[in-house]
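Commentary on secondary and tertiary structure
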Amino acid sequence: MHTLAKRIHNITPRPMVLTFDDETTRRMEISSAEFFQEAFQAEGESDGTRYRFVSDGDDDPLVAARETDDGWEPVGEVVAVERVES
């Protein structure tokens, strides 16, 4: 299992901050997170925008896309996941 995907799965449904490979961060509310053997899929929202996350396993990056008016736009690779402390 991908380590960061497992962390997202374990934190859901509590809020978290994701860091992407371009060093941007987003506070995310994940609404669903599922493993299918080694593959991972999740959906969430940040500032009113819907995001999807996928990984095919431990050796595959955890990548994200955001929904736009024209479809899904790649965001980048997730490189860190931190729980938001209340």
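Going by an unreviewed UniProt entry, the protein chain carries the name DUF8072 domain-containing protein and comes from Halosegnis longus.

The next point concerns the nonpolar core. One broad trend across soluble globular proteins is that nonpolar side chains are buried collectively. The biggest cluster of nonpolar side chains holds 19 residues, and the ones touching the most others in it are L18, F53 and V78. Of all the secondary-structure elements, those providing two or more residues to this core are α1 (3-11), β1 (16-20), β2 (25-36), β3 (39-46), β4 (49-55) and β6 (71-83). Here this core gets 4 residues from one element, more than from any other, and that element is α1. Not counting residues within four places of it along the chain, the set of residues in contact with V78 comprises L4, L18, T19, F20, F53, L62 and A64.

Bridge analysis of β1 against β6 gives 5 bridges, and the strand direction is antiparallel. The residue bridging T19 from the neighbouring strand is A80, located in β6. When strand β5 (residues 63-68) meets β6, the two strands line up antiparallel, connected through 6 bridges. Among the inter-strand pairings, T68 is bridged to a residue of β6, identified as G71. Counting the residues between successive antiparallel strands, the hairpin from β5 to β6 contains 2 residues.

Conventions adopted
Residues numbered from 1 in each chain as written. Predicted model: local features only at pLDDT ≥ 70, side-chain atom pairs only at ≥ 80, totals over all residues. Heavy atoms only, no water. Core = buried A, V, L, I, M, F, W, Y, C linked by side-chain atoms within 4.5 Å. Buried < 20%, exposed > 50% of the residue type's maximum accessible area, 1.4 Å probe, protein only. Helix = DSSP H or I, 4+ residues; strand = E, 2+ residues; numbered from the N terminus. Contact = heavy atoms within 4.5 Å. Pairing = 2+ DSSP bridges.

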